[in-house]
Amino acid sequence: MVTVVDEEGVEFIHASTSLGVIENSFEADYYLSRFIRAVRPKL
Amino acid sequence: MQSEKTKVRPIAKARIAACRPVTNPTWQRYYGLALVLLLLASSCQRKLNQHNGRYYSARDMARMKHGQRVAGPSATKTKTKTTTAGSGGVATTTKVVIKRPLRTGNATGVLASVIDNARAYQGTPYLFGGTTRMGMDCSALLQLSFAEAGITIPRSSNEQAAWGDPVKPTELRPGDFLFFGASPARR
């Protein structure tokens, strides 16, 4: 889930298999290469 | 008779006193050595419980440090280290530590509280199928964070991915769901 969007970039929080629940930068190559889709939930 | 007895005693005492110096110097030498070592050891120790030249208990020191952490999320932190050289010269090194400020989310309303809920789970280990603080998977993190804000969302990732409208990666906003797959090489 995206937590921060600003001029520095996008941060998201997720449950990592190795590190547990953690906040990371979306712009990291690791995540960009594995990205499938983004969805805006209906509220 | 009484006066004779009192005269004898001082002589005995004098004899004991005369015997003592024979054993005294060695004992005294070790005592002095121990004292010097103790003084050296104490002078080498960092004064852990000193703050602004005053003594504080360990509990007070912890409380003060905690107060500093809570009060000032300052962007820069300056560390000054002063070392006294043996000849009496004072060397001062100043280290400036630039701390990245915690990026605050620009989410509003319910999403802000959902993000706060999710951040409260930071550090929870990953457990496939887990839905508690003992361990949780990716979809459980979203489901619990939304549930705590009073919103029911699907439990499985597949259902969550179909629950909203697709968003372009360039138009992301806080609260959007991101879905990742296996590494490109394995696809």
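Per chain, the residues get numbers from 1 upward, laid out in the order the sequence is written. Note on labels: chains are lettered from A, ligands numbered from 1, in written order. Only residues with pLDDT of at least 70 are given local features in this predicted model, and only at 80 or more are side-chain atom pairs given and counted; all residues enter the totals for whole chains, interfaces and linings. Only hydrogens and water are set aside; all other atoms, that is, all heavy atoms of the structure, feed into the side-chain values.

Enquirer: Where do I start with the overall build of chain B in this structure?
Expert: For helices the rule is a DSSP run of H or I covering at least 4 residues; for strands it is a run of E covering at least 2, with both sets numbered from the N terminus onward. Secondary structure assignment for chain B yields five helices and eight strands. In what follows, a contact means two residues having at least one pair of non-hydrogen atoms within 4.5 Å. Taking the contacts inside chain B whose residues are at least 6 apart along the sequence as the reference set, 22% of them involve residues at least 24 apart. Computed with the Shrake-Rupley method and a 1.4 Å probe, the accessible areas treat only the protein chains shown as cover for residues. With the model as given, the accessible surface of chain B reaches about 14700 Å², and the carbon-plus-sulfur share is 59%.

Enquirer: Before we go on, may I ask you to explain the interface of chain A and chain B in this structure?
Expert: The parts lose accessible area when they come together, and the size of an interface is often stated as this lost area. With 32 residues of chain A in contact, the opposing surface of chain B contributes 46 residues. Together chain A and chain B conceal approximately 3700 Å² of surface at their shared face, both sides included; 62% is due to carbon and sulfur atoms. Ranking the residues of chain A by area buried against chain B places M1(A), V21(A) and R40(A) at the top, with a combined share of 21%. One speaks of a salt bridge when a side-chain nitrogen belonging to Lys or Arg is within 4 Å of a carboxyl oxygen belonging to Asp or Glu. The tally of links between chain A and chain B comes to two salt bridges. The residue R40(A) makes a salt bridge to D176(B) at a minimum N-O spacing of 2.9 Å. Here a polar contact is taken to be a pair of N or O atoms separated by no more than 3.5 Å, where protein atoms must pair a possible hydrogen donor with a possible acceptor and residues adjacent in sequence count only if both atoms sit in side chains. On the surface where chain A and chain B come into contact, there are 15 residue pairs in polar contact (both at pLDDT 80 or more). Of all elements in the fold, only strand 1 (2-6), strand 2 (9-16), strand 3 (20-25), helix 1 (29-34) and strand 4 (35-41) of chain A reach the threshold of two or more residues within the side of chain A that touches chain B. The leading source of residues in the side of chain A that touches chain B is strand 2 of chain A, at eight residues. Three residue categories are used. Nonpolar comprises Ala, Val, Leu, Ile, Met, Phe, Trp, Tyr, Cys and Pro, charged comprises Asp, Glu, Lys and Arg, and polar comprises the others, including Gly. In terms of residue class, the side of chain A that touches chain B is built from 17 nonpolar, seven polar and eight charged. Bridge count for strand 4 of chain A against strand 7 (residues 164-167) of chain B is four bridges, and the pairing is antiparallel. Take the accessible area each of two parts loses on contact, using a 1.4 Å probe, and add the two losses: that sum is the buried area. Two strands are counted as paired when DSSP detects at least two bridges linking them.

Enquirer: Help me out: how do you make sense of the nonpolar core in this one?
Expert: Buried together is how nonpolar side chains tend to be arranged in soluble globular proteins. Nine residue types can take part in a nonpolar core, namely buried Ala, Val, Leu, Ile, Met, Phe, Trp, Tyr and Cys, and a core is a set of them joined through side-chain atoms within 4.5 Å. Burial classes follow relative accessibility: with a 1.4 Å probe on protein chains only, a residue under 20% of its type's maximum area counts as buried, one over 50% as exposed, and anything between as partly exposed. Counting 23 residues, the largest nonpolar core has M1(A), V21(A), M136(B), L141(B), F146(B), I153(B) and F177(B) as the members making the most contacts within it. Elements that contribute at least two residues to this core include exactly strand 2 of chain A together with helix 3 (110-120), helix 4 (138-148) and strand 8 (177-180) of chain B. With five residues, the top contributor of residues to this core is helix 4 of chain B. Residue contacts for L141(B): discarding those within four places in its chain leaves I13(A), H14(A), A15(A), V21(A), A118(B), Y121(B) and M136(B). Formed by ten residues, the second largest nonpolar core is a distinct cluster that contains V10(A), F35(A), A38(A) and V167(B).

Enquirer: Explain the side chain of D176(B) to me, please; I cannot follow it from the model alone.
Expert: Considering the arrangement of structural elements, one finds D176(B) in the loop between strand 7 and strand 8. A polar side-chain atom of D176(B) sits 2.9 Å from a polar atom in the side chain of R40(A).

Enquirer: Hey, could you run me through the environment of D165(B) in this one?
Expert: Looking at where D165(B) falls in the secondary structure, it is placed in strand 7. Look past the residues within four positions of D165(B) in its chain and what remains in contact with it is A38(A), V39(A) and R40(A).

Enquirer: I would appreciate a short explanation of the sheet that holds strand 1 of chain A in the present structure.
Expert: All names here are of chain A. On the basis of which strands lie adjacent, the open sheet formed by three strands has the order 1-2-3 and antiparallel pairing. This sheet does not close on itself; its edge strands, each paired only once, are strand 1 and strand 3. With strand direction ignored, the average angle separating the axes of adjacent strands in the sheet is 15°. For strand 2 and strand 3, the ladder comprises six bridges, and the chain directions are antiparallel. Here an axis means a line fitted to C-alpha atoms, over the contact stretch when the element is a helix, while the angle between two N-to-C directions is reported on a 0 to 180 degree scale.

So yeah, pure geometry; function would need other evidence.
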